[in-house]
Amino acid sequence: MASMGSLPFLVEANADSTLMMLMLHNRNHKFSAKFSTVNASSLVRGWGRGRVNHRCSRGLLCLVEKNKHIRALGKSSGTSEDNQDETDEVLQATIEKSKKVLALQRELLHQISQKKKLVSSINSESIPEIEGDSISYEPSEESLLMSSDSNPQKGSARRASAVEKQNGGVVSSNYIQSNEKETSDVSFVGNDLGFDKGKLEDDNASPLEKARPWPFFDEKLNSKRYETIMPDTLPLSTETSSLKIEVLEAQNESSIKVVANEADNVESEGEKLPPLAGANVMNIILAAAECAPFVKTGGLGDVAGSLPKALARRGHRVMVIVPRYSHYADAQDTGVRKQYKVDGQDMEVTYFHAYIDGVDFVFIDSPNFRHLHDNIYGGGREDILKRMVLFCKAAAEVPWHVPCGGVCYGDGNLAFIANDWHTALLPVYLKAYYRDHGLMKYTRSVLVIHNIAHQGRGPVDDFRYTDLPEHYINLFKLYDPVGGEHFNIFAAGLKAADRIVTVSHGYAWELKTSEGGWGLHGIINESDWKLRGIVNGIDTKDWNPKFDVHLTSDGYTNYSLETLQSGKRQCKAALQRELGLPVLEDVPLLAFIGRLDQQKGIDIIAEAVPWMMGQDVQLIMLGTGRPDLEQLLRQFESQHHDRIRGWVGFSVKMAHRITAGADILLMPSRFEPCGLNQLYAMNYGTVPVVHAVGGLRDTVKPFNPFEESGLGWTFDSAEANKLINALGNCLLTYRQYKQSWEGLQRRGMTQDLSWDHAAEQYEEVLVAAKYQW
Ligand SMILES: Nc1ncnc2c1ncn2[C@@H]1O[C@H](COP(=O)(O)OP(=O)(O)O[C@H]2O[C@H](CO)[C@@H](O)[C@H](O)[C@H]2O)[C@@H](O)[C@H]1O
């Protein structure tokens, strides 16, 4: 029992001097207590104050007090106090031992500094083969090429020549041929594209292993790797080795920090910092039916245009695949042509490529997509379905066939991000055509739900268009009271994907309810383990009042937080003038921008219009979509020509100008998975009034006049009277509480709405998928 009395001292007071503590293991309390007494004084002499002080807030005082305590304990335990000689002997032995330990530690520090020199020379010249480690590193051509990892365009010429050497012939493979044939062809492709020199030389490696070039190089390039290699490979003497463990333990984190700091130094001495993603660097391919700025009908296009850039900034190699609906400047014909079967017909596709802002954009060209730029979801149900079948089939093989910067992505360490029902077939094809046949074993897929209301539904017979093995029909079959038994592409994609993301936390919750899941809530509940809500970011370059290219003419102006009042005033006047509204500075200017769809609650605005017109406000609505709702916009404008403008059409320029010039943005959406317009509005000092649903609830914190907090006004159900109530309070604040208004604007503008945080979260999802089997 007596030994228990010494333990608190050792643990608490010796947090930094655990070196001594280690020696005390297995000793009895008597010795321990006496040793501790000495330890405190030897610490004062040998280790210095700083070491004790920085761990123990009370510093040495703490030790002295504890020692007093232990002496008292010693007394109370009945230890002989008279045997001074014995004590001195023990003290002497301990001091000697301490000296030895210190000497050994000095030696270790010396070796660490030697190691530093070694690492520096590795870094500045080449990395020698490290004995005992299976990875040998020579600055091979391939690895040099890969050193431009986050910018694969760099060194593309050299990479191209490397590929040429290995990729002797034209690769042909697709699933027009039989599955058996496909498998061997595909393996061959992988072989040819295997850039892992070590593995290519290893005849025992499977063709698929040879086909995975990136993980190998990523690992070697990851300088963090040396942190783990180096400590084990130090040429330590046996004595020192055992000491090393002791000292490392003894010094607890501090020794480890020394090693880590060494590695940090190595990194900072190098030319380039490691990617933010660190060891998680992957090849990522996002496939979507639309992508801004090339083609956009709504928020999906924005996300496909900006999330990849944020992922690339984290160090990933990122590609976006989108149909080529029109001629897009910058996109070059890669010369790669493939054929895929759709509805029994061979369809040829050509791959175009552009490299912009660190991202590879691959456009799939086919007569099926051409000339659809202004109507990308146009045509009958079967037409759209066939287009998406072709798109997903062709997208799945892009990592094999399409060289970007001279080098294909390959299928190792690869993750696809599919978006909405249009590309929900992609996870299914990856499984049915490849994984089920032992191909693309290391490729994963994540399906993002931007809007569950559109699912790719049809009669069960539509399954034949998918060209999938018969047993796959079960993934697609769904029964619900509205549609009965039907074919549902989103359902199949959700089941086949390795992970599911949706675009806000609120929507992730709503999707699991029968009201919010639109018939897919059952599947989503079953998939809860792989579902995550990640709130969208915004492209802070495109949607930034300071740099917005649409504000540089026609009387508009760029503005920032510093020039908010004058800048916004000027933009408001320019907008009123451009649309032919009376230029009135004090009249609140309300706006709506969006797809004219039941989702967006245009009818709720319509119901509130008579009230609004009595409030001395102006209203601008920009949208396109359902013909009856387009007609409603025209009707408003003709009825209230001096106050309302209804712009029917799709105009990115007007969307930016309205966002800048308006005072208030209305978003009475019935449901809103995330919503981007309210984010853009806040970034421009335009105050949102929104239905608190999905992502709108997540992103617009209600104004609290008592605390002067919040970002806008929210209302709790999608009804005109609720909108009127919230808007009434908003207008009151606008007119009578100018300071509060400015506070709202400023808080909105100073948020970090960028994609960076969301990209980090996507990365976590991708990594989770990667390590899932
Ligand atoms: N007539 C017009 N002219 C010019 N620009 C127009 C326009 N109509 C709409 N836009 C633009 O399209 C985008 C619309 O994005 P939203 O996120 O608000 O809605 P959407 O429902 O399309 O997106 C879906 O996907 C996104 C992305 O995940 C989710 O945020 C959202 O909740 C979900 O419904 C904005 O950039 C807007 O400016």
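Here the structure is a predicted model, which is why all the values come from computation and not from measurement.

Reading the values: rules and limits
Residues numbered from 1 in each chain as written. Predicted model: local features only at pLDDT ≥ 70, side-chain atom pairs only at ≥ 80, totals over all residues. Heavy atoms only, no water. Helix = DSSP H or I, 4+ residues; strand = E, 2+ residues; numbered from the N terminus. Expected span 1.5 Å × (residues − 1). Buried < 20%, exposed > 50% of the residue type's maximum accessible area, 1.4 Å probe, protein only. Arc of directions from axis to C-beta. Pairing = 2+ DSSP bridges. Axes fitted to C-alpha atoms, helices over the stretch in contact; angles between N-to-C directions. Core = buried A, V, L, I, M, F, W, Y, C linked by side-chain atoms within 4.5 Å. Contact = heavy atoms within 4.5 Å. Near = heavy atom within 4 Å. Polar contact = N/O pair within 3.5 Å; in protein donor to acceptor, adjacent residues only side chain to side chain. Areas by Shrake-Rupley, 256 points an atom, 1.4 Å probe, with all protein chains shown as cover. Salt bridge = Lys/Arg side-chain N within 4 Å of Asp/Glu carboxyl O. Parallel < 35°, antiparallel > 145°, perpendicular 65-115°, else oblique. Nonpolar A, V, L, I, M, F, W, Y, C, P; charged D, E, K, R; others polar. Phe/Tyr/Trp six-rings, centres within 6.5 Å; stacked < 30°, edge-to-face > 60°. Lys NZ or Arg CZ within 6 Å of the ring centre and 35° of its normal. pLDDT = per-residue confidence, 0-100. Left-handed = near helix turned anticlockwise from the far one by under 90°. Disulfide = S-S within 2.5 Å.

1. Regarding helix H30 (residues 720-736)
Turning to step 1, where the next piece is worked out: Counted at 1.5 Å a residue, the expected span for H30 with its 17 residues is 24 Å, and the 24 Å between its end C-alpha atoms agrees.
Turning to step 2, where the next piece is worked out: All buried positions along H30 are accounted for by Ala720, Leu723, Ala726, Leu727, Cys730, Leu731, Thr733 and Tyr734. For H30, the arc enclosing every buried residue in end-on projection is 160°, short of the 170-degree limit, so these residues lie on one face. In H30, the exposed residues that point more than 90 degrees away from the buried face are Asn725 and Gln736.

2. A closer look at the sheet that holds strand S14 (residues 618-625)
Turning to step 1, where the next piece is worked out: Taken in spatial order, the six strands of this open sheet run S15-S14-S13-S16-S17-S18, and their pairing is parallel. This sheet does not close on itself; its edge strands, each paired only once, are strand S15 (644-648) and strand S18 (713-715). Averaged over all adjacent pairs, the angle separating strand axes in this sheet is 15°, with direction ignored.

3. What to know about the nonpolar core
Turning to step 1, where the next piece is worked out: Grouped together as the largest cluster of nonpolar side chains are 149 residues, with contacts concentrated most on Tyr351, Ile364 and Phe476.
Turning to step 2, where the next piece is worked out: Top contributing element to this core by residue count: helix H17 (residues 381-396), with ten residues.
Turning to step 3, where the next piece is worked out: Ignoring anything within four residues of it in the chain, the contact list for Phe476 reads Leu425, Val428, Phe463, Thr466, Leu468, His486, Phe487, Asn488, Ile489 and Ala492.
Turning to step 4, where the next piece is worked out: Among the nonpolar cores identified, the runner-up in size contains 35 residues, and Phe636, Ile644, Phe715 and Tyr734 belong to it.

4. Description of the site of the ligand
Turning to step 1, where the next piece is worked out: Looking at the ligand, there are 30 residues lining it, with Asp302, His450, Arg595, Glu672 and Gly675 nearest.
Turning to step 2, where the next piece is worked out: Measuring from an oxygen atom of the ligand, one finds a side-chain N or O atom of Asn536 at 2.9 Å.
Turning to step 3, where the next piece is worked out: Burial of the ligand by the protein chains amounts to 98% of its free accessible area of 710 Å².
Turning to step 4, where the next piece is worked out: Contributing elements (two or more residues each) for the shell around the ligand: helix H16 (299-313), strand S13 (589-596), S14, helix H27 (652-661) and helix H28 (677-683).

5. Observations concerning the pattern of salt bridges
Pairs can form between side chains of opposite charge once their charged atoms are near each other.
Turning to step 1, where the next piece is worked out: Enumeration according to the criterion identifies 32 salt bridges in this entry.
Turning to step 2, where the next piece is worked out: Note that Arg370 and Asp365 form a salt bridge whose closest N and O atoms lie 2.7 Å from each other.
Turning to step 3, where the next piece is worked out: According to the relative accessible area criterion, Arg370 is partly exposed, its value standing at 33%.
Turning to step 4, where the next piece is worked out: Here Arg697 and Glu510 are joined by a salt bridge, their closest N and O atoms 3.6 Å apart. On the criterion of sequence distance, the pair formed by Arg697 in helix H29 (residues 694-699) and Glu510 in helix H22 (residues 505-510) is long-range, its members being 187 residues apart.

6. A look at the sheet that holds strand S6 (residues 414-419)
Turning to step 1, where the next piece is worked out: As summarised here, the arrangement of the nine strands in space is S3-S4-S5-S2-S1-S6-S7-S11-S12, forming an open sheet in which the pairing is mixed. Taken across any chain shown, the strands that pair with only one partner, and hence form the sheet edges, are strand S3 (332-342) and strand S12 (531-533). The sheet shows a mean angle of 25° between the axes of neighbouring strands, direction not considered.
Turning to step 2, where the next piece is worked out: Here H16 sits on the sheet in contact with strand S1 (283-287), strand S2 (317-323), strand S5 (359-365) and S6, set at roughly 160° to S2.
Turning to step 3, where the next piece is worked out: Seen against the sheet, helix H19 (residues 425-434) touches S1, S6 and strand S7 (443-449) and runs at an angle of roughly 140° to S6.

7. Brief notes about the side chain of Gln599
Turning to step 1, where the next piece is worked out: Along the chain, Gln599 turns up in the loop between S13 and helix H25 (602-613).
Turning to step 2, where the next piece is worked out: For Gln599, the side chain forms a polar contact with the side chain of Glu672, separated by 3.1 Å.
Turning to step 3, where the next piece is worked out: Residue contacts for Gln599: discarding those within four places in its chain leaves Asn451, Ser669, Arg670, Phe671, Glu672 and Pro673.

8. As for the packing of helix H24 (residues 564-578) against helix H31 (residues 738-749)
Turning to step 1, where the next piece is worked out: Where H24 meets H31, the closest approach of the two axes is 12 Å, and the angle between their N-to-C directions is 95°. In terms of their interaxial angle, H24 and H31 are classed as roughly perpendicular. Contact residues: H24 offers Leu564, Gln565 and Lys568, while H31 offers Glu742, Gln745, Arg746 and Met749.
Turning to step 2, where the next piece is worked out: Tallied by class, the residues present in the contact of H24 with H31 amount to two nonpolar, two polar and three charged.

9. Topic: the packing of aromatic side chains
Two numbers describe a pair of aromatic rings. These are the distance of the centres and the angle of the planes.
Turning to step 1, where the next piece is worked out: Evaluated as defined, the whole model comprises 17 aromatic pairs.
Turning to step 2, where the next piece is worked out: Pairwise contacts between aromatic rings join Phe294, Tyr328, Phe361 and Phe363 into one cluster.
Turning to step 3, where the next piece is worked out: Of note, Arg464 hangs over the ring of Tyr465, and the distance from its end group to the ring centre comes to 4.4 Å.

10. Examining the confidence of the model for the chain
Turning to step 1, where the next piece is worked out: Averaged over every residue, the pLDDT of the chain is 76; residues scoring 70 or more account for 67%.
Turning to step 2, where the next piece is worked out: The low-confidence segment residues 1-82 (pLDDT under 50) makes 91 contacts with residues lying over four places distant or belonging to another chain.
Turning to step 3, where the next piece is worked out: Every residue in residues 119-270 scores below 50 in pLDDT, and together they form 219 contacts with partners more than four places removed in sequence or on other chains.
Turning to step 4, where the next piece is worked out: With a pTM of 0.70, the predicted complex shows an ipTM of 0.99.

11. Focus on the packing of H25 against helix H26 (residues 627-639)
For any two helices packed against each other, one specifies the crossing angle of their axes together with the interaxial distance.
Turning to step 1, where the next piece is worked out: Look at H25 against H26: their axes get within 11 Å of each other, and the N-to-C directions meet at 25°. The angle between H25 and H26 falls in the class roughly parallel. Seen along the crossing, H25 lies across H26 with a hand that is left-handed. Between H25 and H26, the residues in contact are Ile602, Ala606 and Val609 and Leu629, Leu632, Leu633 and Phe636, respectively.
Turning to step 2, where the next piece is worked out: Class assignment of the residues belonging to the contact of H25 with H26 gives a composition of seven nonpolar, no polar and no charged.

12. Section: the state of the cysteines
Turning to step 1, where the next piece is worked out: According to the stated counting rule, one finds zero disulfides in the structure shown.
Turning to step 2, where the next piece is worked out: Its sulfur unpaired, Cys404 is 7.2 Å from the next cysteine sulfur, which belongs to Cys408.

13. Remarks on the environment of Leu468
Turning to step 1, where the next piece is worked out: In this structure, Leu468 sits in the loop between strand S8 (457-458) and helix H20 (473-476).
Turning to step 2, where the next piece is worked out: Taking relative accessible area as the criterion, Leu468 reaches 9% and is therefore assigned buried.
Turning to step 3, where the next piece is worked out: Each C-alpha atom of the pair Leu468 and Tyr433 lies 8.1 Å from the other, and the pair is 35 residues apart in sequence.
Turning to step 4, where the next piece is worked out: Sequence-distant contacts of Leu468, that is, excluding residues within four places in its chain, are made with Val428, Tyr429, Ala432, Phe463 and Phe476.

14. Quick word on helix H32 (residues 756-770)
Turning to step 1, where the next piece is worked out: Look at H32: 21 Å from first C-alpha to last across 15 residues, which is about the 21 Å you get at 1.5 Å a residue.
Turning to step 2, where the next piece is worked out: Those residues of H32 not exposed but buried are Ala758, Ala759, Gln761, Tyr762, Glu763, Val765, Leu766, Val767, Ala769 and Lys770.
Turning to step 3, where the next piece is worked out: Where H32 is buried, its residues touch S1, H16, S6, S7, strand S11 (499-502) and S12.

15. A look at the environment of Leu676
Turning to step 1, where the next piece is worked out: In this fold, Leu676 is placed in the loop between strand S16 (664-667) and H28.
Turning to step 2, where the next piece is worked out: C-alpha of Leu676 to C-alpha of Gly299: the two residues are 377 residues apart in sequence and 6.6 Å apart in space.
Turning to step 3, where the next piece is worked out: Here Leu676 is in contact with Gly299, Asp302, Val303, Asn536 and Gly537, once residues within four sequence places are set aside.

16. Describing the pairing of strand S4 (residues 345-356)
Taken residue by residue, a regular strand's side chains alternate between the two faces of the sheet.
Turning to step 1, where the next piece is worked out: Two strands pair when backbone bridges link them, and S3 and S4 are joined in this way by eight bridges, in the antiparallel orientation. In the sheet register, Val342 faces S4, and the bridge partner there is Gln345.
Turning to step 2, where the next piece is worked out: In this structure, S4 lies alongside S5, joined through seven bridges in antiparallel fashion. By the bridge assignment, Thr350 is partnered in S5 with Asp365.
Turning to step 3, where the next piece is worked out: Between S4 and S5, which follow one another and run antiparallel, lie two residues, and Asp357 among them has a positive phi close to 50°.

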